[in-house]
2 protein chains.
Amino acid sequence: MGRWEPNARGRLARAALVLSAEKGYENTTVAEIAAVAGVTERTFYRYFVDKADALFPDNTQLLTLLATAVGDARRAGDRPFDAALAAVRQLAGYASQEPERPRLMAQVIPTVPALVGRDLVRQRQIVGAVSRALVDDGVPTIDAQLAAETALGVWRVAVTEWARESAVGSLLDIVNTTAAVARAVAGA
Amino acid sequence: MGRWEPNARGRLARAALVLSAEKGYENTTVAEIAAVAGVTERTFYRYFVDKADALFPDNTQLLTLLATAVGDARRAGDRPFDAALAAVRQLAGYASQEPERPRLMAQVIPTVPALVGRDLVRQRQIVGAVSRALVDDGVPTIDAQLAAETALGVWRVAVTEWARESAVGSLLDIVNTTAAVARAVAGA
DNA sequence: TTTCGGGATGTCAGAGTCTGACATCACGCA
DNA sequence: TGCGTGATGTCAGACTCTGACATCCCGAAA
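Rules used in this analysis
- Residues numbered from 1 in each chain as written.
- Chains lettered and ligands numbered in written order.
- Predicted model: local features only at pLDDT ≥ 70, side-chain atom pairs only at ≥ 80, totals over all residues.
- Heavy atoms only, no water.
- Helix = DSSP H or I, 4+ residues; strand = E, 2+ residues; numbered from the N terminus.
- Buried < 20%, exposed > 50% of the residue type's maximum accessible area, 1.4 Å probe, protein only.
- Lys, Arg positive; Asp, Glu negative; His and termini not counted.
- Salt bridge = Lys/Arg side-chain N within 4 Å of Asp/Glu carboxyl O.
- Polar contact = N/O pair within 3.5 Å; in protein donor to acceptor, adjacent residues only side chain to side chain.
- Contact = heavy atoms within 4.5 Å.
- Least-squares fit on C-alpha atoms with pLDDT ≥ 70 in both.
- Domains from an automatic or database assignment.
- Buried area = accessible area lost by both parts, 1.4 Å probe.

A. Spatial organisation of the side chain of K51 of chain A. Residues and elements named next belong to chain A. By the element assignment, K51 lies in the loop between α3 (41–47) and α4 (60–75). Although K51 is buried, it forms no salt bridge, and the closest oppositely charged side chain is E26 at an N-O distance of 6.6 Å. In this structure the side chain of K51 is engaged in a polar contact, spanning 3.0 Å, whose partner is the backbone oxygen of Y25. There is a polar contact of 2.8 Å between the side chain of K51 and the backbone oxygen of T28. Contact partners of K51, with chain neighbours within four places excluded, come to Y25, E26, T28, V30 and F44.

If you want it as structure tokens, here you go:
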């Protein structure tokens, strides 16, 4: 720690998200974000490569978490799709640690094409990690990819539903409900 | 037409692609693109909302073309996945009209994260159009989405292969080969 | 206790992206 | 001949992002 307030990165990320939700991503300048966080615009760019980066925090830790969840589920006897859903539940738990974030994200992202693209890239990383974990466990590649892709579809639908103000229940509940629906539909 | 050379938009798009392939997207300035096209930087922004937009031409015509291809295939008795593949072949024919474009695109896009995201958005539009066309033809939603998603996967693999200099044969041939492989793998 | 290196931040300058406002020019129609 | 219109040019400016250099304080070493 230095002589400054610690966790500048966290304050910047939080300020970026709150301001973007309040007045729109494109109406929020990096200078404002930095000011709210109590640092300089230049310092912002020492923590994030660009403005959008502040909204999409580092993923690597989450990705290994998901891979572990898949491995555990497989060892417990889950079939591929169930194991992929275990990863999605892990995702829900992860998101619930800080419930405001995903809700605000779901509110901000659709309004800015560039953020939509960035989110798609991030989702592909997740699909890739889950799929790879399944393959590492002996699941055929195609099955693994389909399982991961479908599970991520469940996640997308669940988060969308959960982000609606009218939605009731925890994110985990909604994920479970959505997964059940997906299973029923796919089973037909 | 005015007193200027016609088709400023086309010249701008071409210049953007050629320059980006030559010296990299990020090393190419809008001012350069405009200069090569013989117009002003300001005029560039009258045709494209941003720099990346010049590399991703308007889609709507293509999307209806694909939907039509799906409908025709369905009327000819094709099953959903085959109909989706018909759309991909249409895509191949479309791309072959100007063979240099997709090749250069495949060379430029991976080098710039923002372009990757943009390309994913565009692919989702295609998946959506194909999927919707199938649904309109009575295919259950899940089946339609899976068919469209898988067919687009074939397209991605095929274009990647085709973009490699060592690749031989027409794009359409490669698509057919790739589709056969996908079918064999998925059939196991 | 003093000194000094280093990590985090600030300051400054500048290139590049994108936008708004207004001027200009030639073509076609009245 | 004159005028309206659409495409383009010109100009100014806000914002994003980066490189170079200065500054400051903490902690280790003398």
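Having put the structure on the table, let's press on.
B. The arrangement of the relation of the copies chain A and chain B in detail. Each copy of the sequence occupies a distinct position, and chain A is placed on chain B by a rotation of 179° and an axial shift of 0.1 Å, giving an RMSD of 0.0 Å. The superposition of one copy onto the other is thereby described by a two-fold rotation axis. Within chain A, G117 of chain A has its C-alpha nearest the rotation axis, a separation of 2.0 Å. An overlap of 100% is found between the interface residues of chain A and their copies at the interface of chain B, pointing to a shared contact surface.

C. Geometry of the domain arrangement of chain A. Residue and element names in this part refer to chain A. When its domains are assigned, chain A resolves into domain 1 (8–55) and domain 2 (60–187). The distance between the C-alpha centroids of domain 1 and domain 2 comes to 27 Å. Interface area, domain 1 with domain 2, both sides summed: about 930 Å², of which 65% is carbon and sulfur. Considering only the surface of domain 1 that becomes buried against domain 2, L17, A21 and L55 emerge as the three largest contributors, covering 50% of it. The interface formed by domain 1 and domain 2 contains three salt bridges. Applying the counting rule to domain 1 against domain 2 returns four residue pairs in polar contact (both at pLDDT 80 or more).

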